[in-house]
Amino acid sequence: MDIWCSPIEPDGKYATPYPLPLNSPQDDVTPFFFQAGQALFFSSNRDGASAGMDVFRSDKISAEQWSEPQQLDQPFNSPYDEIYFGCHSASGKAYFSSNRPGSLGYDLFEAPVPVRLSIEGSN
């Protein structure tokens, strides 16, 4: 399982899809692109994942270049599965699903957005 991208053309049609360069030989799933922070969040069982699926982040550097994916810390990841990450810039909240203890299967969890938002030229 890999993450693919398809640019949207000026006429609104999708261009030919292609796999993103951040994919690994393991499973990379449930992508969420946080436009305000130009960051892609996704779940993966790649090397470095604590166990099962963990949430990773890769920053968009240019149209075709992404930073090396970094595993998020707690409270996002645990020794259980974390998938379907998403965030809302107006509320400053991130949401994800996990099967950690106390869950009924997979439950929804909330945490602060793990992206620092700033206006260019400000501190």
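A brief report on the enclosed structure follows. (Residues numbered from 1 in each chain as written. Predicted model: local features only at pLDDT ≥ 70, side-chain atom pairs only at ≥ 80, totals over all residues. Heavy atoms only, no water.)

### Examining the sheet that holds strand β5 (residues 54-59)
By definition, the strands of a sheet pair up through backbone hydrogen bonds, in either a parallel or an antiparallel sense. Strand order in the open sheet formed by 4 strands is β3-β4-β5-β6, and the pairing between neighbours is antiparallel. Only two strands of the sheet have a single partner each, and these edge strands are β3 (28-34) and β6 (70-71). Sheet topology places β5 next to β6; 2 bridges connect them, and they run antiparallel. By the bridge assignment, Arg-57 is partnered in β6 with Gln-70. (Pairing = 2+ DSSP bridges. Helix = DSSP H or I, 4+ residues; strand = E, 2+ residues; numbered from the N terminus.)

### Concerning the pattern of salt bridges
In the structure shown here, the tally under the stated rule is 4 salt bridges. Of the charged contacts, one joins Asp-28 and Arg-46 as a salt bridge, the two residues approaching to 2.9 Å between their closest N and O atoms. Of this pair, Asp-28 sits in strand β3 while Arg-46 sits in the loop between β4 (39-44) and β5, placing them 18 residues apart in sequence. Since its relative accessible area comes to 1%, Asp-28 is described here as buried. Classification of Arg-46 as buried rests on a relative accessible area of 9%. The residue Lys-93 makes a salt bridge to Glu-110 at a minimum N-O spacing of 3.6 Å. Separated by 17 residues along the polypeptide, Lys-93 in strand β8 (residues 93-98) and Glu-110 in strand β9 (residues 107-112) bring together distant segments of the chain. According to the relative accessible area criterion, Lys-93 is partly exposed, its value standing at 31%. (Salt bridge = Lys/Arg side-chain N within 4 Å of Asp/Glu carboxyl O. Buried < 20%, exposed > 50% of the residue type's maximum accessible area, 1.4 Å probe, protein only.)

### Considering unusual backbone geometry
Note that the residue after Gln-74, namely Pro-75, is joined by a cis bond; omega there is 15 degrees. A positive phi is found at Gln-38, a non-glycine position, where the angle reads about 50 degrees. The residue Gln-38 is located in the loop between β3 and β4 in this model. A relative accessible area of 31% means that Gln-38 is categorised as partly exposed. Backbone geometry at Tyr-84 places phi at a positive 55 degrees, although glycine is not the residue there. Note that Tyr-84 resides in strand β7 (residues 82-88).

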